[in-house]
Amino acid sequence: MTLTSPKAAPTPTTDTHCPYCSLQCGMRLGGGADGAPEVLERPEFPVNRGALCGKGRSAAAVLARDVRLTGPLLRDRPGGPLRAAGWPEALDRVADGLARVREQHGPDAVGVFGGGGLTNEKAYLLGKFARVVLRTANIDYNGRFCMSSAAAAHRRAFGLDRGLPFPLEDIPHTGCLILVGGNPADTMPPAVRYFRELRENGGTLIVVDPRRTRTAELADLHLQPRPGGDLALALGLLHLVIADGLVDKDFIAGRTSGFEAAREAAMAHWPDRVERITGVPAHQLREAARLFGTAETGMVLTARGPEQQSKGTDTVGAWINLCLATGNSGRPYAGYGCLTGQGNGQGGREHGQKADQLPGYRSIEDPAAREHVAAVWGVPPESIPGPGKSAYELLDGLGRPGGVRALLLAGSNPAVSAPNAGHVTERLRALDLLVVADLVLSETARLADVVLPVTQWAEEDGTTTNLEGRVILRRRAFDPPEGVRSELWVLRELAARLGVATGFPVAAVEAFDELRRASAGGDADYAGISYRRIVAEDGVFWPCPAEDHPGTRRLFLDRYATPDGRARFVAVTHRPAGEEPDEEYPLYLTTGRVLAQYQSGAQTRRVAGLTRAAPGPFVELHPRLAERLGVADGEPVAVTSRRGRAVAPARITDAIRADTVFMPFHWPGAGRANSLTNPALDPVSRMPEFKVCAVRVEKAAGPSGGGAAGGGEAAGGPSGGGAAGDGEAAGGRDGGSDGQVVRPFDRSGEVAGQAARAGQEVAP
Ligand code: SF4
């Protein structure tokens, strides 16, 4: 078996995985009749059993030369155009610029911003590059915008963070599942079969979402709270199961700590009060508590809805409390889990591109962890910097005194995907040096001084870790275009120019072997995982500390990863969102995704079929609100928050609450949803409040803004996996919602705003 193909050899086929979401569906790549890359089904892979959504089915379109970068681009003067350049010139420019800023302003004036779509190998070496070569504390990544609240709550309660502590195959066997702020029917359609099978087996599905999404339509019970109401809702359910005697006293006594304080906090959230806070009728609350509390086994899954809030960590903690109180944890077919969003959202946060972590999910402040990692890296422990700024804080400080002045950014597009994106764009413009490594000329790359074209999923080997904690292998199937290099090669070349000649392997398998050693003994222990095992076993679940260890499909069956082995209740109480509606801004805005686009659309906006299905942004609003505003379906409306304004066509539907509007966040321009969102941060996870802010909505004159295909983004941005309404593209549905295989879109891949190719000039 050859694991690293030296050249393009798509014959007969190559088994690999989708480049997009955290389901990491198995697929097969081959050459079609015309020789162009073709996505085929791979029915043996257990997670998706051959099913792919339209995004995965059409993923090969982004491999086409005419939609992507094929050579480095440089800007010779601020405000000047980007021009084509050779690699030596581009790398010299980057290395000189980083060194100059470091010399003039100190190492922390140089920053690194990564992405949850990067492979484990890239994430690992990016973190090492920041700490060993740049010596900066300031590295973080867009996964901070994705699962960080669930991760923080996981660690607080269980001492360990793995999105799902059980495999997806367990879902059909639970008795009652509450899905909070997630819409897999649009975000990961092949996963819907697990929920369907749950119901076919006699289980109950409860969905919590301010919108009646296609996932909510599958549910036995849909609770439709106001955005930001998830915390109060969880507390209300805990109140009821306690009051109705549905708690598991033996489990609480034997396997947990802190129940009494959590109980007291929950008892202040009686049903009528919760109804007033959330808008969910008390009788529905009682029904939900009964269904969950009386089920033999129960699960709660959260996604971005409850997590992307300024109280996201506490909100997830409240749902975990509900599981613990009812004994739904630490046993088969029960427990709390998070539906991770980005393709490598899980692995991306385990191996060192997060500001406060070292590989193996180690704390950067733990002396033993620093010593272990330093020994693998061959550096003194004291040379490793301490924790740096979280993602939004890093972006907010760009170009300011004491902030980052030179930024290396890989696999992310914050000009579209960050909260308060207008402000973030201004900060990016204020940098002395912005370097973007990407596949396409994203909106952020358009602002860069140097753009480095890098390889993508089908052109390189590398591992990712899916939402189950299953480490899988993406395989190289095709050669990249001649002028394109892997990020691993780029890091090695930059490290050498900056005086570190060794320690940056270009072969992914070598990087992975070093990652295994760096992670050994850590929470996310990959020591026993090899490329060979991954292929032979359809992925390996971490922790896997030795080659003869089977991997860990189910966590916490015997003990939790806390010092005393007990799960911890956390006493939390309701508090309002960072910004609640008022006279001036009387409505809630919540944001999310649509079926035919992924994140801020870097790749998917360049796929003709996806863009036809979901061509641009929209504002979803209730008929009563539309009538009050005098707006007809399709007419442009302006949405204004304290941070900005966005204009997009109205989409009128009674599937949304009348006090709430929804916008998808995939598009730049006048319809950019993140022009509006609130960067209020969760005090623990530093997650911005993407899912709740206060807005004013008015009928707008003139054409709607934004949309269409232009520009793009890397596999980055908030995963939006769920939430307070992950979007659906009404009229934009591109395929199956429940695991159906859909037809491939045409692979021409042309869309407006195509990526610049070497030789083109692109205005900033
Ligand atoms: S659900 Fe769709 S986007 Fe996600 S991994 Fe599967 S095919 Fe890709």
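Calculation criteria
- Residues numbered from 1 in each chain as written.
- Predicted model: local features only at pLDDT ≥ 70, side-chain atom pairs only at ≥ 80, totals over all residues.
- Heavy atoms only, no water.
- Helix = DSSP H or I, 4+ residues; strand = E, 2+ residues; numbered from the N terminus.
- Buried < 20%, exposed > 50% of the residue type's maximum accessible area, 1.4 Å probe, protein only.
- Contact = heavy atoms within 4.5 Å.
- Areas by Shrake-Rupley, 256 points an atom, 1.4 Å probe, with all protein chains shown as cover.
- Lys, Arg positive; Asp, Glu negative; His and termini not counted.
- Charge placed at Lys NZ, Arg CZ, Asp CG, Glu CD.
- pLDDT = per-residue confidence, 0-100.
- Pairing = 2+ DSSP bridges.
- Axes fitted to C-alpha atoms, helices over the stretch in contact; angles between N-to-C directions.
- Salt bridge = Lys/Arg side-chain N within 4 Å of Asp/Glu carboxyl O.
- Expected span 1.5 Å × (residues − 1).
- Core = buried A, V, L, I, M, F, W, Y, C linked by side-chain atoms within 4.5 Å.
- Parallel < 35°, antiparallel > 145°, perpendicular 65-115°, else oblique.
- Left-handed = near helix turned anticlockwise from the far one by under 90°.
- Nonpolar A, V, L, I, M, F, W, Y, C, P; charged D, E, K, R; others polar.

## Quick word on the overall build of the protein chain
A tally of regular secondary structure across the protein chain gives 23 helices and 30 strands. Across its three principal directions, the C-alpha atoms of the protein chain cover 70 × 65 × 55 Å. For the protein chain, the proportion of its 764 residues judged to be buried stands at 68%. Contacts in the protein chain between residues far apart in sequence, at least 24 positions, make up 77% of those at least 6 positions apart. With an accessible surface of roughly 22,800 Å², the protein chain has 49% of that area assigned to carbon and sulfur atoms. A distance of 1 Å separates the average location of the 86 positive side-chain charges in the protein chain from that of its 89 negative side-chain charges.

## Structural notes on the side chain of T552
By the element assignment, T552 lies in the loop between strand 21 (540-541) and strand 22 (567-568). Judged by relative accessible area, T552 falls into the buried class, the value being 16%. Residue contacts for T552: discarding those within four places in its chain leaves R162, F541, W542 and P543.

## A closer look at the confidence of the model for the protein chain
A residue-level look at the protein chain finds 90% of positions with pLDDT of 70 or above and a mean pLDDT of 90. Here residues 1-10 scores under 50 on pLDDT; set against residues more than four positions off or in separate chains, the count is 25 contacts.

## Examining the pairing of strand 28 (residues 678-681)
As paired elements, strand 28 and strand 29 (residues 688-689) share two bridges and run antiparallel to each other. Opposite L681, over in strand 29, you have P688 as the bridge partner. In this structure, the hairpin formed by strand 28 and strand 29 is closed by a connection of six residues, where R686 is found at a positive phi of approximately 60 degrees.

## Things to note about the sheet that holds strand 7 (residues 139-141)
The strand order across the open sheet formed by seven strands is 5-4-18-17-16-6-7, and the pairing between neighbours is mixed. In the strand order of this sheet, the two ends are held by strand 5 (82-84) and strand 7, each with one partner. Mean inter-strand twist for the sheet, computed between neighbouring axes without regard to direction, equals 20 degrees. Contacts between helix 2 (residues 87-105) and the sheet are confined to strand 4 (73-75), strand 5, strand 6 (110-114), strand 16 (406-410), strand 17 (433-438) and strand 18 (450-453), with strand 18 contributing the most and set at about 130 degrees to the helix.

## A word on the sheet that holds strand 20 (residues 470-474)
Ordered by their spatial adjacency, three strands build an open sheet running 19-20-21, and the pairing between neighbours is antiparallel. Taken across any chain shown, the strands that pair with only one partner, and hence form the sheet edges, are strand 19 (462-465) and strand 21. Looking at chain direction, strand 20 and strand 21 are connected through two bridges and run antiparallel. Its bridge partner lying in strand 21, R470 is registered against F541. Its contacts with the sheet place helix 3 (residues 120-134) against strand 19 and strand 20, and it is angled at close to 95 degrees to strand 19.

## Considering the pattern of salt bridges
Summed over all chains, the structure comprises 48 salt bridges. Salt-bridge contacts for R605 lead to E443; the nearest nitrogen and oxygen are separated by 3.2 Å. Note that R605 is positioned in the loop between strand 23 (587-592) and helix 22 (608-613) and E443 in the loop between strand 17 and strand 18, a separation of 162 residues in sequence. The residues R605 and E443 share a single accessibility class, namely buried. Put simply, D659 and R657 hold a salt bridge, and the shortest N to O gap is 2.9 Å. When salt bridges that share partners are traced, they join D15, R28, R42 and E44 into one network.

## A look at the pairing of strand 20
The buried fraction of strand 20 amounts to five of the five residues, a majority that puts the element mostly inside the structure. Of the two faces of strand 20, both are covered, the one formed by R470, I472 and R474 as well as the one formed by V471 and L473. Relative to strand 20, strand 19 is paired through four bridges, and the arrangement is antiparallel. Its bridge partner being in strand 20, T464 is matched across the sheet by I472.

## A word on the environment of D66
If you trace the backbone, D66 turns up in the loop between helix 1 (54-57) and strand 4. With 540 residues separating them in the primary sequence, D66 and R606 have C-alpha atoms 9.9 Å apart.

## Here's the deal with helix 11 (residues 282-294)
For helix 11, which comprises 13 residues, the first-to-last C-alpha distance of 18 Å matches the rise-based estimate of 18 Å (1.5 Å per residue) to within 8%. Three or more residues of helix 11 are buried, namely A282, L285, A288, A289, L291, F292 and G293.

## Some details on the nonpolar core
If you look at the biggest cluster of nonpolar residues, it comprises 123 residues, and the most contacted ones within it are F129, F158, I178, W319, Y336, W377 and I529. In terms of residue count, the dominant contributor to this core is helix 7 (residues 230-243) (nine residues). Setting aside residues up to four positions removed in sequence, W377 forms contacts with Y124, G127, K128, R131, V132, L358, P359, I384 and E514.

## Quick word on the packing of helix 7 against helix 13 (residues 312-325)
For the pair helix 7 and helix 13, the least separation of the axes is 8 Å and the interaxial angle reads 20 degrees. Between helix 7 and helix 13, the angle is such that the two are roughly parallel. In this structure, the crossing between helix 7 and helix 13 has a hand that is left-handed. When helix 7 is examined against helix 13, the residues D230, L231, L233, A234, L235, L237, L238 and V241 are found in contact with a partner set consisting of D314, T315, A318, W319, N321, L322 and A325. A breakdown of the residues in the contact of helix 7 with helix 13 according to their chemical character gives eleven nonpolar, two polar and two charged.

## Points about unusual backbone geometry
Phi is mostly negative for residues that are not glycine, and the peptide bonds are mostly trans. Put simply, W542 and P543 share a cis peptide bond, and its omega is 0 degrees. By secondary structure assignment, the location of P543 is in the loop between strand 21 and strand 22. One non-glycine residue, R49, lies in positive phi territory at about 45 degrees. Mapped onto the elements of the fold, R49 is located in the loop between strand 3 (37-40) and helix 1.

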